[in-house]
Amino acid sequence: MAFREPTAERAVHEIRVDEQAKLRYLKEIERKVLWLSSWMIHNANHLRSKRDGLKVGGHQASCASAVTLMTALYFDNLRPQDRVAVKPHASPVFHAIQYLFGRQTRERLERFRGFGGAQSYPSRTKDADDVDFSTGSVGLGVAMTLFAAYVQDYVRIKGWAPGERATGRMVALVGDAELDEGNVYEALLEGWKHDVRNVWWVIDYNRQSLDSVVEDRLLHRFDTLFTSMGWNVVTLKYGKEQLRAFQRPGGEALRAWIDACPNSLYSALVYKGAAGWREALGRDFHRDKAVRALIDGFNDDELQRLMTNLGGHDMETILEAFNAVEDDTPTCFIAYTVKGFGLPFAGHKDNHAGLMNPEQMATYRRSQKVLEGAEWEPFAGLDTPEGELREFVSSVPFAAPGERRFTTPPIAVPETLSVPPAETASTQEGFGRLLNEIAKRKDELADRIVTTSPDVTVSTNLGGWVNRQGIFHRQPRADVFHEEHVLSAQKWAMSPEGQHVELGIAENNLFVLLAAFGLSGSLFGARVLPIGTLYDPFIGRGLDALNYACYQDARFLLVATPSGLSLAPEGGAHQSVLTPLVGTGQSGLTSFEPAFVDELAEIMRWSFEHMQDDAEGGSVYLRLSTRPLSQPERELTPQLRQSIVNGGYWEERPSREAEVAIVCTGVVSPEARAAFEQIREDVPGAGLLQVTSSDRLHRGWREAQAARGQADRRGRAHVEELLAALPTNAALVTIVDGHPAALSWLGSVGGHRVVSLGVEEFGQSGDVPDLYRAYGIDTDAIVDAVARALMDEGV
Ligand SMILES: Cc1ncc(C[n+]2csc(CCOP(=O)(O)OP(=O)(O)O)c2C)c(N)n1
Ligand SMILES: [Mg+2]
């Protein structure tokens with residue numbers, strides 16, 4: 001089944017279904033979505049052949065609690081321009097819904113959690129049925145909707161969004177335990193500061209997490225929290241049946257009992273069913289005839305239905321709540337639900353990963369009037385004729401034809417970028433100056449760059465850019481210091497024209513915002529080129545969010561500075577050791593660590609192209625430094641430019657008889673150069689290799705190896721070409737201000753033995769000479785390493 005082609009007939013076809021009929025259809029669809037999601041998981045676990053002894057898994061209970069809410073969203077409330085982050089464990093619900101819309105194939109559902117099948121957690125890149133936002137790491141999808149709403153505003157205010165497209169609503173279907181993740185509150189605060197609109201968080205308040213039942217009193221905290229951040233809070237606690245029962249004699253007492261019932265007891269009673277309710281209510285109301293009469297008036301099924309008729313499972317209640325929203329104020333719906341609603345393990349605290357066994361599934365199948373063999377039939381066993389349901393499904397707003405993912409033309413990148421040469425400069429300074437040069441161009445590239453930083457704008461050298469381009473805010477705000485004539489190098493006025501987004505100190509927010517900006521072309525039809533700056537060590541703080549951004553194939557430039565021991569006096573807490581390995585290991589991210597500004601210029605130019613290469617490109621991470629280095633006087637030849645972006649070049653080419661080469665990356669280049677000068681007399685013909693990107697060298701090497709295994713038997717990687725200049729018995733001495741493993745792999749390329757220098761421990765305060773000496777990356781250490789390498793010859 002492919003995506004449905006838009007037809008003129010469908011475009012004009014808009015049946016007005018009266019409310020009662022709509023409710024009936026929605027309840028039927030709800031039933032079917034629950035069935036399909038349960039069956040999908042059952043099929044994957046019980047009916048597919050297994051080869052590896054691993055359980056397949058899937059979350060029938062998590063799905064069940066979200067089914068009513070998601071049915072209401074997709075089959076009534078959502079419009080094509082809206083975007084949704086579905087809580088990770090409701091992935092089967094999402095796929096079942098898309099299947100009913102004809103946007104998902106049966107084959108992929110049959111292969112749920114299998115290779116090439118529907119993904120275990122909704123994936124924007126791996127799923128074929130139009131996932132808006134990936135989810136998986138709880139909390140991040142929630143924040144993503146908020147930042148996506150912000151980006152939508154940004155491009156609309158700039159006038160870049162395609163004209164005919166209405167403003168969308170960014171909706172998260174949130175598991176209640178996701179609200180334990182701190183990043184949710186970091187986002188909430190930032191959203192308040194930036195006056196974010198058009199976000200809905202629909203909380204599937206089943207009061208269960210993975211391990212157990214959650215704290216009762218949390219609800220009031222949530223309510224207060226959201227309200228204080230300017231959100232509307234709508235609590236959907238009781239369903240209509242409960243409300244009707246509350247009207248009857250004894251009803252108010254029953255309501256009070258429900259309100260007072262601890263979450264864990266309520267869950268346990270849901271699991272026990274009618275007998276459990278009767279026992280508990282009988283105990284608590286043995287003197288209250290009215291309540292007893294009320295309860296006794298329900299048979300067992302009715303009683304269980306009544307007690308589980310919570311707001312989040314009552315279609316009418318949900319539709320009313322959703323459709324009552326008329327403005328764009330961020331809104332949080334706290335929808336009471338039952339984990340496992342409608343299934344045998346409903347309410348059990350251990351049901352998170354619980355699966356129905358084959359007998360339970362068979363009973364459930366019969367209750368749904370689904371015949372054996374018809375399990376995948378989209379409308380089997382329902383009471384409404386299939387044609388009527390199909391017509392309804394194709395008439396709902398979300399089914400309207402039209403593009404949901406945009407392609408946008410690339411923004412032109414100049415052939416070269418450069419800044420006037422300086423005698424000494426740090427790469428961080430170079431970055432600031434290069435951005436200024438771009439700003440001066442006043443072209444599309446300058447317009448479409450948006451910078452952002454978590455409270456380290458000035459200290460990461462974005463100051464010049466911000467002075468020129470201004471800070472973005474939907475409402476103009478004056479720079480008070482400027483107005484009061486207090487001298488400051490930094491202009492801090494805000495306006496809709498601004499091109500910098502100032503964030504509070506929260507690296508998670510930086511990465512989720514970069515994820516949203518980096519998908520702006522595809523989500524909102526307006527390409528932007530986001531650049532985020534932060535201190536290199538704090539990549540670790542937001543690493544999961546960075547991974548999240550890359551997983552969705554968002555495109556951005558990450559500029560991390562200062563890095564390594566070289567930020568010297570700042571001390572060990574701020575010195576990054578691990579990040580060169582992150583740069584190599586993180587999928588979707590290409591990392592560079594240049595030493596000189598001219599290298600950086602070429603790398604940035606390449607980065608703007610790479611970020612826009614929709615098929616092959618990705619995001620880029622620049623590991624920069626504040627240490628000033630004297631700059632080479634040179635014109636970059638086209639060949640050298642190419643080598644710089646390919647990952648490295650010989651600063652001093654070795655001779656055919658060379659015994660050793662010094663290999664350095666980034667900021668330790670002067671030490672490598674000084675060591676090279678010291679050894680060149682005793683070790684004639686030695687080489688000096690400048691690595692601009694260990695990541696690019698490594699990737700090129702792996703690709704060439706793979707290609708040789710296939711067609712291109714003679715293709716050689718850039719790193720192979722470089723190292724072919726050395727005889728095999730020569731040694732490499734590698735040096736990096738970071739973990740030595742970042743470069744030590746180079747020995748495997750041509751079989752050269754390696755002595756690798758780098759930092760493996762936490763640093764401390766000091767100046768560069770002291771620190772480089774203490775951690776063994778100064779000139780003497782390199783010279784010693786060369787001596788060791790030469791002595792080891794033949795070992
Ligand atoms: C960052 C992260 N930590 C842990 C997990 C493992 N995990 C998956 S779901 C879950 C709790 C789910 O509870 P809730 O959000 O309430 O969802 P529901 O009850 O609807 O299943 C946990 C801890 C995860 N997916 N992501
Ligand atoms: Mg939960």
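Below is a short write-up of the structure. (Residues numbered from 1 in each chain as written. Chains lettered and ligands numbered in written order. Predicted model: local features only at pLDDT ≥ 70, side-chain atom pairs only at ≥ 80, totals over all residues. Heavy atoms only, no water.)

1. So, the nonpolar core
Then step 1. By size, the foremost hydrophobic cluster in this structure holds 91 residues, and its most contacted members are Trp-201, Trp-257, Met-307 and Leu-558.
Then step 2. No other element matches the twelve residues that helix 6 (residues 140-157) contributes to this core.
Then step 3. Excluding its chain neighbours within four sequence positions, the residues that come into contact with Leu-558 are Leu-510, Phe-511, Leu-514, Gly-532, Leu-534, Ile-539, Leu-546, Val-620, Tyr-621 and Leu-622.
Then step 4. Counting residues in each nonpolar core, the second largest holds 73 residues, with Val-660, Cys-664, Leu-688 and Ile-735 among its members. (Core = buried A, V, L, I, M, F, W, Y, C linked by side-chain atoms within 4.5 Å. Buried < 20%, exposed > 50% of the residue type's maximum accessible area, 1.4 Å probe, protein only. Helix = DSSP H or I, 4+ residues; strand = E, 2+ residues; numbered from the N terminus. Contact = heavy atoms within 4.5 Å.)

2. Details of unusual backbone geometry
Then step 1. Following Thr-561, the chain continues to Pro-562 via a peptide bond in cis, the omega torsion being -5°.
Then step 2. Of note, Pro-562 is situated in the loop between strand 12 (557-560) and helix 25 (579-585).
Then step 3. Unusually for a residue other than glycine, Asp-455 sits at a positive phi of about 65°.
Then step 4. The topology assignment puts Asp-455 in the loop between strand 7 (449-454) and helix 20 (463-469).
Then step 5. In the Ramachandran plot, His-485 falls in the positive-phi region, its phi being about 55° despite a non-glycine side chain.
Then step 6. Inspection of the secondary structure assignment puts His-485 in the loop between helix 21 (480-483) and strand 9 (494-495).
Then step 7. For His-485, a relative accessible area of 74% corresponds to the exposed category.

3. A word on the sheet that holds strand 3 (residues 199-205)
Strand pairing in a sheet relies on backbone hydrogen bonds. The paired strands run either parallel or antiparallel.
Then step 1. If you walk across this open sheet you meet the five strands as 1-2-3-5-4, and the pairing is parallel. The two strands at the open ends of the sheet, each matched to only one other strand, are strand 1 (83-86) and strand 4 (232-236). Along the sheet, successive strands turn relative to each other by an average axial angle of 15°, direction set aside.
Then step 2. Relative to strand 2 (residues 170-175), strand 1 runs parallel, the two being bridged by four bridges. (Pairing = 2+ DSSP bridges. Axes fitted to C-alpha atoms, helices over the stretch in contact; angles between N-to-C directions.)

4. Notes on the coordination of the magnesium ion (ligand 2)
Then step 1. Every protein donor of the magnesium ion (ligand 2) is listed here as Asp-176 (OD), Asn-206 (OD1) and Gln-208 (O), and their distances to the metal cover 1.9 to 2.1 Å.
Then step 2. Here the donor residues of the magnesium ion (ligand 2) share one chain and are spaced in sequence as D-x29-N-x1-Q. For the pair shown, Asn-206 and Gln-208 are each scored as buried. (Donors = N, O, S within 2.8 Å, 3.2 Å for Na, K, Ca; no water.)

5. Brief notes about the pattern of salt bridges
Then step 1. The final tally for this structure, using the stated rule, is 48 salt bridges.
Then step 2. Put simply, Arg-197 and Asp-195 hold a salt bridge, and the shortest N to O gap is 2.8 Å.
Then step 3. Given a relative accessible area of 19%, Arg-197 falls into the buried group.
Then step 4. Owing to a relative accessible area of 25%, Asp-195 belongs among the partly exposed residues under this scheme.
Then step 5. For Glu-279, the salt bridge identified is with Arg-283, shortest N-O distance 3.9 Å. Note that Glu-279 and Arg-283 are positioned in helix 12 (residues 274-284) at a spacing of four residues, about one turn of the helix.
Then step 6. The exposure class assigned to Glu-279 is partly exposed, which follows from its relative accessible area of 47%.
Then step 7. Through salt bridges with shared partners, a single network forms among Arg-83, Asp-130, Asp-132, Arg-404 and Arg-405. (Salt bridge = Lys/Arg side-chain N within 4 Å of Asp/Glu carboxyl O.)

6. Focus on empty space enclosed by the protein
By rolling a water-sized probe across the atoms, one finds the places where empty space is left.
Then step 1. Taken as a whole, this structure holds seven cavities of 30 Å³ or more when the rule is applied.
Then step 2. Considering only enclosed or pocket space, the largest cavity measures out at about 120 Å³ in volume.
Then step 3. Lining the largest cavity are 13 residues; nearest its centre among them are Pro-580, Ser-591, Phe-592, Glu-593 and Ser-694.
Then step 4. Counting residues per element, the ones that place at least two in the lining of the largest cavity are helix 25, strand 13 (589-592), strand 14 (619-623) and helix 29 (694-709).
Then step 5. Split into classes, the residues belonging to the lining of the largest cavity amount to four nonpolar, six polar and three charged.
Then step 6. Along its surface, the second largest cavity is lined by 13 residues, and Gln-152, Arg-165, Ala-166, Leu-523 and Phe-524 are the ones closest to its centre.
Then step 7. Every element with two or more residues in the lining of the second largest cavity is listed here: helix 6 and helix 23 (520-524).
Then step 8. Ranked by residues supplied to the lining of the second largest cavity, first place goes to helix 6 with three residues.
Then step 9. For the lining of the second largest cavity, the per-class residue count stands at seven nonpolar, three polar and three charged. (1 Å grid on protein atoms, 1.4 Å probe; cavity = no way out; pocket = protein on both sides within 12 Å on 5 of 7 lines; lining within 4 Å. Points joined across faces, edges and corners; volume = space filled by probe spheres on them. Nonpolar A, V, L, I, M, F, W, Y, C, P; charged D, E, K, R; others polar.)

7. Concerning the sheet that holds strand 18 (residues 687-691)
Then step 1. Taking strand neighbours across the sheet as the criterion, the five strands line up as 16-18-17-19-20 in an open arrangement whose pairing is mixed. With one partner strand each, in any of the chains shown, strand 16 (648-652) and strand 20 (753-757) form the two edges of the open sheet. Neighbouring strand axes in the sheet, compared pairwise and without regard to direction, differ in orientation by 25° on average.
Then step 2. Sheet analysis places strand 19 (residues 731-735) next to strand 20, joined by five bridges and oriented parallel.

8. Digging into the packing of aromatic side chains
Then step 1. Under the defined criterion, the tally for this structure stands at 26 aromatic pairs.
Then step 2. Centre to centre, the rings of Tyr-205 and Tyr-336 are 5.0 Å apart; their planes meet at 80°, and the pair counts as edge-to-face. Of the two residues, Tyr-205 sits in strand 3 while Tyr-336 sits in strand 5 (residues 331-336), which places them 131 residues apart along the sequence. Of the two residues examined, Tyr-205 and Tyr-336, each falls in the buried class.
Then step 3. Between the aromatic rings of Phe-592 and Trp-606, the centroid separation amounts to 5.4 Å while the plane-to-plane angle is 70°, which identifies the pairing as edge-to-face. One end of the pair, Phe-592, is in strand 13; the other, Trp-606, is in helix 26 (residues 597-612), and 14 residues separate them in sequence.
Then step 4. Exposure remark for Phe-592: the relative accessible area of 2% places this residue in the buried category.
Then step 5. Chaining the aromatic ring pairs together yields one cluster made of Tyr-74, Phe-75, Phe-94, Phe-101 and Phe-398.
Then step 6. Here the guanidinium or amino end of Arg-113 rests over the ring plane of Tyr-121, the centre of that ring lying 5.5 Å away.
Then step 7. Sitting over the ring of Trp-160, Arg-448 keeps its end group 4.1 Å from the ring centre. (Phe/Tyr/Trp six-rings, centres within 6.5 Å; stacked < 30°, edge-to-face > 60°. Lys NZ or Arg CZ within 6 Å of the ring centre and 35° of its normal.)

Note that all results are geometric; they support no functional claim without further evidence.
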